[in-house]
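Each chain, letter by letter, is given below.
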Amino acid sequence: MKRYDLRHLKSDFDSRMEEIVDKEIKAGEVIIFLFEIGDFDAIQRSADIIKESGCELINSLKFNEVDWTIVIKKEAK
Amino acid sequence: MRKYVPKDDVQKKPYYTDRYWVAPQVAKFDVESDEVFAADLATIKEKCEVIEAYIQVDQMVVIIKPTDNFTVAQILKDECAYNQLSEVGAMDWIAKQNQYEVFYQFLSMSKRKRVRIKCFLDVDQAVESLNPLYRSADWAEREMWDMSGVKVNNHPYMKRILMPDDWVGHPLLKTYPLQGDEAAAWYEVDRIFGKEARDVIGPENREPARVDRYDTERFGRLGHEIERGAEFKEDQAKTPLAYQEEGGVLIIKKFHEDDTVEITDRKR
Amino acid sequence: MQQPNRLRPFFENISFDRKDNEMVINFGPQHPSAHGQLRLVLHMQQEQITKAHPDVGYLHRGMEKMAENMIYNEFLPTTDRMDYIASSSNNYGFALAVEKLIGLEVPRRAKVIRMMLLEINRLMSHLFWLATTALDIGAMTVFLYAFREREYLMDIIEDYCGARLTHSSIRIGGVPLDIPDNFIHDLKEFLDKFPQDLKDYEDLLDTNRIWKMRMEGVGVISKEMAESWGCSGVMLRASGHNWDLRKEEPYELYDEVEFDVPVSTKGDNYARYKLYMAEMRESSKILYQTMDMYKKTQENNETELMAHAPQYISAPKLDIMTQNYALMQHFVLVTQGMRPPVGEVYVPTESPKGELGFFINSQGGPYPYRLKMRAPSFWHTGILQDLLPGSMIPDVVAIIGTTNIVFGEVDR
């Protein structure tokens, strides 16, 4: 159960997120991503990344005006 | 009708308690359910009157009168083979029933059993010291007196143990504030300089991180040093951080502040 | 003692008066081998001590008072500062007491991790004891060696809980984190070379003439004196009592682990030294077995780390992030604190110093009504009062060393 904070990357967090999802987490593990909303397309982009990498999006929350939190679970292959 | 809360109890209170919430009770079992405890209780009951006895979290708790705590301890030590007094402590029920509750925790190594003897005593009542039976009671009762104010009779060296000898008040009472009362705040100043020096020295700075930049009595400003107590001026001449005296040391080359090199990469 | 007043102020370091060449000296609070803030007032005839009066309280922070104003989870990091040499065992003692009060069953994997932490702590504490006692008596090399060993263990603990000394690595209801991947590897690496190092220290010290002269026959504690003074742990086992809480009143999984309890009947410093060395070997034996138990829990994947008790323990992070009620309940538990049932409990555990007991009386509120900590070092300092008369000054240093007293625990 790790939490990855991508807010410092502002809106170009896609590559880092893909890298984390593919390499740094084990199968069946649950992680939390935190990134800046920017102009609201970041949320759709993150959902797409998660979908193509085959992980299950468990929760997607807007805790405050600026940040967006998604909780994903990697498929236990 | 609002719930009665004792006014002088200055400990922290729960933020909110549901009006009709009743706290569950930790399970109390009958003493007969464990034969070793039952036997011990029987031997105690012969000599002294037992107010209440139950087993809680696999230890027997026996509530007795405060006057015969010595006899019960004697029975436990001689007849029931409880050879160690692990702990003595007191609880403050002054707000509820103007009483202390003193508990003695006994351990029997041969029977692998633990018994807690408890007694309720009035605030001015005293308890008999168990020092002749168990030497560990010596320090335990001194700490009980020091922390809670429970008086103990014929104790060999009845003095405070944790607090200074002339401390006023007993810290573990519910009426004693956590940050200490007025006598506690001014203890050092009164003791060393006397009461009249209080306003000269001023209150203790309890906030460790508080720095007052205009107070040149207690704080120096690195790089902008001025004499202690001098008037603080905004545009201060920058005084370089010199690691040696003005004239420098005889053999050692004078090391100037600008020569320092800050190493950033740790692997060097 | 003096009667202080304005004319004759009471300062601690003014020289004491001498009558019929009986000298009173302060084995002062700031003394290199006082293992913390112990002021030992020694009445002496030349080199021999006639009366010893340990004066403690210099490190008193009012922990029991703080406990009455803090919720249970908030108080846990304070227990680190009690016996700061082995802080996980204090956390564990407090956590076990609260769990017994609530009547909580901790999942098996958390128990295994807890036992690993406890035994690593025991090793760290014994290594620290060996270092400081050897230094007090003069063996510098053993001091450096033992601290080097302890560094390895500190790195392992730091991998787990991020802190070297104040671990707060155990929560009420389980263990916060799973052990990192390199934990078992590093621990195994350390344990493989540890017996060799122990042998080195014993070669250095066991048959050393100075060590034997300073330790043998010094500070002899008889069986009755140890019993009556409420000694526990190695102080008790050195005087002939076969009493180790892990064996007699097994908690956690100590009944599934084979280890034996070293006991001696001599009761002097040398016996305590041998017991500490033997206990270090036992602890490493236990650690080997816990590693296997951890692998077993991995196979039949019992991977829960915290107990499941909604009104006392907040839900795992996954549920909190996904379910609404778990988040609300977690919020209440963190802000207002859990409210254990009304009742009392005294739970003793075997800390490296001795029997560490937590007495908790709760009246149903989020704050304990009374929390009394039974610290073993408190009575091991008290016994100096009866133990020191008759011995010489250098023996005082040796005896204080082997009593393994830590003043965070004595003064609480």
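See the structure above.
Residues numbered from 1 in each chain as written. Chains lettered and ligands numbered in written order. Predicted model: local features only at pLDDT ≥ 70, side-chain atom pairs only at ≥ 80, totals over all residues. Heavy atoms only, no water.

## Observations concerning the interface of chain A and chain C
How big an interface is tends to be expressed through the accessible area that disappears when the partners come together.
Working step 1: Listed as interface residues are 9 residues of chain A and, on the opposing side, 4 residues of chain C.
Working step 2: For the pairing of chain A and chain C, the buried interface totals around 560 Å² over both sides, and the portion due to carbon and sulfur atoms is 81%.
Working step 3: If you sort the residues of chain A by the area they bury against chain C, A:Met1, A:Ile32 and A:Asn59 come out on top, with a joint share of 48%.
Working step 4: Connecting chain A to chain C are 0 salt bridges.
Working step 5: Across the chain A-chain C interface, the total number found is 1 residue pair in polar contact (both at pLDDT 80 or more).
Working step 6: Among the secondary structure elements, those contributing two or more residues to the side of chain A that touches chain C are β2 (30-36), β3 (56-61) and β4 (67-73) of chain A.
Working step 7: The residue makeup of the side of chain A that touches chain C, split by class, is 7 nonpolar, 2 polar and no charged. (Contact = heavy atoms within 4.5 Å. Buried area = accessible area lost by both parts, 1.4 Å probe. Salt bridge = Lys/Arg side-chain N within 4 Å of Asp/Glu carboxyl O. Polar contact = N/O pair within 3.5 Å; in protein donor to acceptor, adjacent residues only side chain to side chain. Helix = DSSP H or I, 4+ residues; strand = E, 2+ residues; numbered from the N terminus. Nonpolar A, V, L, I, M, F, W, Y, C, P; charged D, E, K, R; others polar.)

## Structural notes on a nonpolar patch on the surface
All names here are of chain B.
Working step 1: On the surface, Val249, Leu250, Ile251 and Ile252 cluster together into a nonpolar patch covering about 490 Å² of accessible area.
Working step 2: Positionally, Leu250 belongs in the segment after α7 (198-201).
Working step 3: For Leu250, a relative accessible area of 83% corresponds to the exposed category. (Patch = residues over 30% accessible without salt bridge, like charges linked within 9 Å, V, L, I, M, F, W, Y side chains within 5 Å. Areas by Shrake-Rupley, 256 points an atom, 1.4 Å probe, with all protein chains shown as cover. Buried < 20%, exposed > 50% of the residue type's maximum accessible area, 1.4 Å probe, protein only.)

## Quick word on the pairing of β3(A)
Residues and elements named next belong to chain A.
Working step 1: By the bridge criterion, 5 bridges tie β3 to β4 in an arrangement that is antiparallel. Looking at the pairing, Leu61 lines up with Thr69 of β4.
Working step 2: Where β3 folds back on β4, the antiparallel hairpin that results is connected by 5 residues. (Pairing = 2+ DSSP bridges.)

## A short note on the nonpolar core
Working step 1: With 175 residues, the main nonpolar core has B:Val102, B:Tyr104, B:Phe106, C:Phe94 and C:Leu130 as its most contacted residues.
Working step 2: Residue contributions to this core peak at 16 residues, all from helix α4 (residues 108-137) of chain C.
Working step 3: Apart from the residues lying within four places of it in its own chain, the contact partners of B:Tyr104 are B:Asn69, B:Leu85, B:Glu87, B:Val88, B:Val115, B:Arg116, B:Ile117, B:Cys119, B:Val127, B:Glu128, B:Leu130 and B:Glu141.
Working step 4: Counting residues in each nonpolar core, the second largest holds 19 residues, with A:Tyr4, A:Leu6, A:Met17 and A:Ile31 among its members. (Core = buried A, V, L, I, M, F, W, Y, C linked by side-chain atoms within 4.5 Å.)

## Some points on the arrangement of the chains
Working step 1: For this structure, the chain pair with the highest number of contacts among 2 pairs of chains in contact is chains B and C.
Working step 2: Separated without contact, chain A and chain B have their nearest C-alpha atoms at a distance of 23 Å.

## A look at the pattern of salt bridges
Working step 1: Counted according to the given criterion, the structure contains 59 salt bridges over all chains.
Working step 2: Two residues, B:Lys111 and B:Asp40, come together in a salt bridge whose shortest N-O distance is 2.8 Å. Linking B:Lys111 in the loop between β5 (99-108) and β6 (113-122) with B:Asp40 in helix α1 (residues 35-47), this pair joins segments that are 71 residues apart in sequence.
Working step 3: Of the residues examined, B:Lys111 reaches a relative accessible area of 27% and is grouped as partly exposed.
Working step 4: For B:Asp40, a relative accessible area of 4% corresponds to the buried category.
Working step 5: Through salt bridges with shared partners, one network takes in C:Glu119, C:Arg122, C:Arg237, C:Asp244, C:Arg246, C:Glu279 and C:Glu350.

## Some thoughts on the packing of helix α5 (residues 140-161) of chain C against helix α6 (residues 181-205) of chain C
Residues and elements named next belong to chain C.
Working step 1: In contact at an axis separation of 11 Å, α5 and α6 are set at 165° when each is read in the N-to-C sense. Relative to α6, α5 is oriented roughly antiparallel. With respect to the hand of their crossing, α5 and α6 are arranged in left-handed fashion. Where α5 approaches α6, its residues Thr141, Val142, Tyr145, Ala146, Arg148, Glu149, Tyr152, Leu153, Ile156, Asp159 and Tyr160 are matched on the opposing element by Asn182, Phe183, Asp186, Leu187, Phe190, Lys193, Phe194, Asp197, Tyr201, Leu204 and Leu205.
Working step 2: Across the contact of α5 with α6, the residue classes tally to 14 nonpolar, 2 polar and 6 charged. (Axes fitted to C-alpha atoms, helices over the stretch in contact; angles between N-to-C directions. Parallel < 35°, antiparallel > 145°, perpendicular 65-115°, else oblique. Left-handed = near helix turned anticlockwise from the far one by under 90°.)

## Examining the sheet that holds strand β4 (residues 343-351) of chain C
To summarise the sheet geometry, strands pair through backbone hydrogen bonds and adopt either a parallel or an antiparallel arrangement.
Residue and element names in this part refer to chain C.
Working step 1: Read across the sheet, 3 strands follow the order β4-β5-β6 without closing on themselves; strand pairing throughout is antiparallel. The open sheet is flanked by β4 and β6 (370-374), the only strands paired with a single partner. Adjacent strand axes in the sheet meet at a mean angle of 10° when their direction is disregarded.
Working step 2: As paired elements, β4 and strand β5 (residues 354-362) share 9 bridges and run antiparallel to each other.

None of this, on its own, says anything about what the molecule does.
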